[in-house]
Amino acid sequence: MLNIVIFGPPGSGKGTQSAKIVEKYKLIHLSTGDILREEIKAKSEVGLKIREIIDKGNLVPDELVLEELSKRAEKYVSSNGFIFDGFPRTVPQSDMLDKMLAKHNISITMVLAIDVDEEELFARLMKRAVDSGRTDDNAETVRHRIEVYKNQTYPLIEHYKKQGKLFSIDGVATVDVVFQRITDAVGKLEKGKKK
Ligand code: AP5
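Residues numbered from 1 in each chain as written. Predicted model: local features only at pLDDT ≥ 70, side-chain atom pairs only at ≥ 80, totals over all residues. Heavy atoms only, no water.

### Re the site of the ligand
Applicable threshold: Residues are classed as near a molecule or strand on a simple rule: at least one heavy atom within 4 Å of it. Think of a polar contact as two N or O atoms within 3.5 Å of one another; within protein, one of them needs to be a possible hydrogen donor and the other a possible acceptor, and neighboring residues in sequence only count if both atoms come from side chains. Note on areas: Shrake-Rupley, 1.4 Å probe, and residue coverage restricted to the protein chains presented here. Put simply, DSSP marks the helices as runs of H or I at least four residues long and the strands as runs of E at least two long, and each gets a number from the N terminus on. Side-chain classes follow a simple rule in which Ala, Val, Leu, Ile, Met, Phe, Trp, Tyr, Cys and Pro form the nonpolar group, Asp, Glu, Lys and Arg form the charged group, and the remainder, Gly included, forms the polar group.
If you check the shell around the ligand, you find 30 residues, and the closest are Thr-16, Thr-32, Asn-58, Arg-89 and Arg-145. Contacts to the ligand include Thr-16, whose side-chain N or O atom sits 2.5 Å from an oxygen atom. Within the backbone of Val-60, an N or O atom sits 3.1 Å from a nitrogen atom of the ligand. Look at the ligand: alone it shows 1000 Å² of surface, and the protein chains cover 86% of it. Only helix H1 (14-25), helix H2 (32-41) and helix H6 (118-129) provide two or more residues apiece to the shell around the ligand. Considering every element that reaches the shell around the ligand, the biggest residue donor is H2, with 4 residues. Of the residues assigned to the shell around the ligand, the class counts are 11 nonpolar, 11 polar and 8 charged.

### Some thoughts on helix H5 (residues 91-102)
Here is the rule: Each helix should span, by expectation, one fewer than its residue count multiplied by 1.5 Å. Any residue under 20% of the maximum accessible area for its type is buried, any over 50% is exposed, and the rest in between are partly exposed; the area is computed with a 1.4 Å probe on protein chains only. To obtain the arc, one takes the directions from the helix axis to the C-beta atoms. In this analysis, two residues are considered to be in contact whenever any of their non-hydrogen atoms come within 4.5 Å of each other.
In this model, H5 (12 residues) spans 17 Å end to end at C-alpha, consistent with the 16 Å of a helix rising 1.5 Å per residue. Where H5 is concerned, the buried positions are Gln-93, Ser-94, Met-96, Leu-97, Met-100 and Leu-101. Axial view of H5: buried residues confined to an arc of 160°, hence all on one face. Those residues of H5 hidden inside the fold are in contact with strand S1 (4-7), helix H4 (62-73), strand S3 (82-85) and helix H8 (156-162).

### Here's the deal with the pattern of salt bridges
Note the cut-off: Salt-bridge detection follows one rule: a side-chain nitrogen of Lys or Arg within 4 Å of a carboxyl oxygen of Asp or Glu.
Summed over all chains, the structure comprises 17 salt bridges. Linking Asp-137 and Arg-128 is a salt bridge whose minimum nitrogen-to-oxygen distance equals 2.8 Å. Asp-137 sits in the buried class, given a relative accessible area of 7%. In this structure, Glu-147 engages Lys-150 in a salt bridge whose closest nitrogen and oxygen atoms are separated by 3.0 Å. One end of the pair, Glu-147, and the other, Lys-150, are both in helix H7 (residues 139-153), 3 residues apart, so they sit about a helical turn from each other. Through salt bridges with shared partners, a single ionic network connects Glu-118, Glu-119, Arg-143, Glu-147 and Lys-150.

What follows is the structure, encoded as structure tokens:
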């Protein structure tokens, strides 16, 4: 199984690259942002709570995210693998993910950390705001989302580096060039495994 975490600040291209990775490696795409937005659309009680948090650009509580994610992941434990997009976002979430996968004797294979500078992130998300319909795509919330990433999510880089699973990808280039960098990293890992 190939289990990838795609990691990076808001607007770094996680969703865009996930779509290409899914197509090439036939993985199951689990985006916690998409899952949480589905819950908002369903207008459930929990959906209303989630909306309030997302609109402010804060993180949804770990347990709630894991519950939503594991409901979906458990169905596909016999697939080619997963791409986790936007999850984990905190160190406790990464521990929860490891435990959930360990129940099925699987683990994270690699973490792709997409690196994009802050002004480029802001410019991309302001451009997307014109027609995304996302209530968190506005200047104030985008700035806050970037700060939340720096304070709460970025520390995970060190966590995965220590595990030897981290691959840094320069995300400032065309979508196809960034994807080529990702496939090179996957190729390098697979070549290393065969030795
Ligand atoms: P989530 O939906 O995960 O959003 P995000 O991390 O803020 O990321 P985005 O979707 O905005 O960007 P992306 O990196 O996917 O880039 P994209 O490909 O779209 O999370 C939203 C909220 O949900 C969070 O704030 C939080 O409240 C909650 N949440 C989610 N997961 C959670 C968790 N695990 N725990 C707690 N709370 C959680 O690209 C962005 C734009 O750039 C697009 O317009 C795209 O076309 C363009 N673009 C992409 N690549 C390039 C390129 N190479 N060059 C130029 N433009 C590009």
